[in-house]
Amino acid sequence: MIIANKKWASPFIIWIIIGTIIPILSIVYYGMTSKDGGVTFANLGAIFSHDNLQALELSLLLALVSTIICLLIAFPMAMILKDSKYGKQGFLIFVFILPMWMNFLLRTMAWQVLLERNGVINSILTAVGLPRQAIMNTPGAIILGMVYDFLPFMILPIYNVVSKIDKHLLEAAYDLGANKITVFTKVIIPLSVPGIVSGITMVFIPALTTFVISNMLGGGKINLIGNIIEQEFTVNSNWYLGSGLSLVMMVFIIISMLLLNKFDKTGGASLV
Amino acid sequence: MAELIRLDNISKSFGEQEVLDELSLTVYENEFVTLLGPSGCGKTTTLRIIGGFETPDKGRVYFDGQDITDLPPNQRHLNTVFQNYALFPHMNVGENIAFGLKVSGKSDQYIKDKVKYALNLVNLKGFENRQITELSGGQQQRIAMARAIVNEPRVLLLDEPLGALDLKLRQEMQYELVRLKKELGITFIYVTHDQEEALTMSDKVVVMNNGYIQQEGTPEQIYNEPENAFVADFIGDSNIVPGRMIKDKLVEIKGTEFPCIDGSAEGFEPGQPVDVVIRPEDIEIRPYGEGLFNGEIISKIFIGVHYEMLVKSEKGNFEWLLQNYDEHHVGQKIGMYVRPENIQIMKKPEFDDEKAMELDL
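Now for a description of the structure that goes with this document. (Residues numbered from 1 in each chain as written. Chains lettered and ligands numbered in written order. Predicted model: local features only at pLDDT ≥ 70, side-chain atom pairs only at ≥ 80, totals over all residues. Heavy atoms only, no water.)

**Some remarks on the packing of aromatic side chains**
The full count for this structure, using the stated rule, is 15 aromatic pairs over all chains. Both rings, one in A:Tyr30 and one in A:Trp239, keep their centres 5.5 Å apart while their planes meet at 65 degrees; by these two values the pair is edge-to-face. Taken together, the residues span a long stretch of sequence, with A:Tyr30 in helix H1 (residues 6-31) and A:Trp239 in helix H12 (residues 239-263) at a distance of 209 residues. The class of A:Tyr30 is partly exposed, set by a relative accessible area of 25%. By relative accessible area, which is 43% here, A:Trp239 ends up partly exposed. Counting every residue linked through ring pairs, the aromatic cluster contains A:Tyr29, A:Tyr30, A:Phe233, A:Trp239 and A:Tyr240. Taking NZ or CZ as reference, B:Arg130 lies 4.1 Å from the ring centre of B:Phe127, over its face. Its end group placed over the ring of B:Tyr223, B:Arg279 keeps NZ or CZ at 4.0 Å from the ring centre. (Phe/Tyr/Trp six-rings, centres within 6.5 Å; stacked < 30°, edge-to-face > 60°. Helix = DSSP H or I, 4+ residues; strand = E, 2+ residues; numbered from the N terminus. Buried < 20%, exposed > 50% of the residue type's maximum accessible area, 1.4 Å probe, protein only. Lys NZ or Arg CZ within 6 Å of the ring centre and 35° of its normal.)

If you want it as structure tokens, here you go:
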């Protein structure tokens, strides 16, 4: 195979070294050293401080909730998209992918305009005589933003596996006496696990580490672990602490990936 | 034999394409029925209508006297062995076989015994914990059978179950299927395009083409007394020749008169144009001038048990296909004889679907 040829692989190896290995090594270096240059574990241990732990807990909670909401919306959606009764499958899928083509900062900003105190939603509410709602700067607004931004990443992998399930398998299940619910729980869901796992991966991890969505829809009042790391790098210029916390998050993510992959026996969709 | 399944005037179209046109068929209890025909003849659609996976546009399906036309597949007392086996890839062999029993809420002990019994029956003892991907095609085929029969269906539907297997395995599985059917004592409805499979296993063969039943009968009837050119051509090699009735029990083919056993009693009147089928093994070789007609051998191949020859007749210049155990040489002039009972007279086709298939060679 021509791809296996080392000559051809070298640009990619260089790319991996510059783009992945060097940055990770420097994060490890900064994370394990103190400002005066000595080796320390204090940057890693900083995760246990009250504020950081609270931010981590909130991050985990919000990421978890938005992942579950995404999953609950995406699975029925994928089933509908797959069903050939809705003939214009291509068009429906297109509609769902369309937002992905727009910069996600723009999409998040759009929600800002919608949710603000004097934003579109509140204008409509007051116009019909309902009280203003304080949606902006709440965890709810952040979850809304996460779900809106990440939903396509849940739908697509699930749609992919669901649409590839052999229709004869479903017929075989009906043939053996199963009703619709049993076919769904015993055949469709188990066969969709690879898609569910990669969907969860693609939603949970970005949601866990986001700082943009929480900045824009949380108004700086809600600190997620992503915000804290960002502030260490930008506001406090403390690369050592920022790297230390990043390392801890990386470990977190790797552990959650390993746990997730336990469910995916085929290993087909694993990202680790 | 009691009637078990009756299809009554079934029509089915997919979009513009008419697949079945007013098809009626009765299947009796404990019968091995084979639906035989080329691809696109409607045999699989017929099976899927019986299984409940398709609803006919017109007509009714009766099972044991009850109208089941609108009953979903999971409420029908029959099980299907699918063409591609459709084994659940996320379950092991034992779980696959147990699926139907679990759905119907049988006890764990019953399921365990039944799975063991079924694996025994298909000669795969101790395969409970194997993964589906570890199995060969033939083994998957057996598991698919086992998964269907543990539910004790009254009818087993088989959709080209041997299609994906190689020749040797296919022949073995034919015996296996006949044995299974005997042991289970249930009705088999089998779909195939392979005429050999149909002839070796069935009690009744239903030959289909273009959505119509061309002929229904025992394998012997189908082979020896094909009703039209399509059936004669589809079932084995044959010489299909236009002819004309001279008088009762005498037919003229390519300038030669042949005594036969069909005549006015079968509805063939003197002077009527007919099609005649003569199987290649039924043309006997005699010394030159001593048969009914003469010809010259123009090609010869050895195909195992016998030789197959093309013989050009002196009269009519027609190339006859012959099969013979004895070797003859290309260029040799021979006489040929056909016994009256081996001449099968058929009516000329009235419809396209009754004509012999044109093969692109």
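Next comes the rest of the account.
**Quick notes on helix H4 (residues 137-149) of chain B**
Compared with an ideal rise of 1.5 Å per residue, which puts 13 residues at 18 Å, H4(B) spans 19 Å between its outermost C-alpha atoms and is within 8% of the ideal. For H4(B), a buried count of 11 out of 13 residues is recorded, marking the element as mostly surrounded by other parts of the structure. Every buried residue of H4(B) is accounted for by B:Gly138, B:Gln140, B:Gln141, B:Arg142, B:Ile143, B:Ala144, B:Met145, B:Ala146, B:Arg147, B:Ala148 and B:Ile149. The inward-facing, buried residues of H4(B) contact helix H8 (167-175) of chain A together with strand S6 (78-81), helix H2 (93-103), helix H3 (108-121), strand S7 (155-159) and helix H5 (167-184) of chain B. (Expected span 1.5 Å × (residues − 1). Contact = heavy atoms within 4.5 Å.)

**What to know about the packing of helix H3 (residues 50-82) of chain A against helix H9 (residues 180-209) of chain A**
All names here are of chain A. Direction vectors running N to C along H3 and H9 enclose 140 degrees, while the axes themselves pass 9 Å from each other. Considering the angle they form, H3 stands oblique to H9. The element H3 and its partner H9 pack so that their crossing is right-handed. Two secondary-structure elements touch here, H3 through Ser59, Leu60, Ala63, Leu64, Ser66, Thr67, Cys70, Leu71, Phe75 and Met79 and H9 through Phe184, Ile188, Ile189, Ser192, Ile196, Ile200, Val203, Phe204, Ala207 and Leu208. Class assignment of the residues belonging to the contact of H3 with H9 gives a composition of 16 nonpolar, 4 polar and no charged. (Axes fitted to C-alpha atoms, helices over the stretch in contact; angles between N-to-C directions. Parallel < 35°, antiparallel > 145°, perpendicular 65-115°, else oblique. Left-handed = near helix turned anticlockwise from the far one by under 90°. Nonpolar A, V, L, I, M, F, W, Y, C, P; charged D, E, K, R; others polar.)

**Things to note about the sheet that holds strand S2 (residues 17-28) of chain B**
Residue and element names in this part refer to chain B. Strand order across the open sheet formed by 4 strands is S2-S1-S4-S5, with antiparallel pairing between neighbours. Every interior strand has two partners, whereas the edge strands, S2 and strand S5 (66-67), have only one. Both strand S1 (residues 3-14) and S2 contribute to a ladder of 8 bridges, which runs antiparallel. Bridging from a neighbouring strand, phenylalanine 14 pairs with glutamine 17 of S2. Contacts from helix H1 (residues 43-51) reach S1, S2 and strand S4 (58-63) within the one sheet, and its direction differs from that of S1 by about 120 degrees. (Pairing = 2+ DSSP bridges.)

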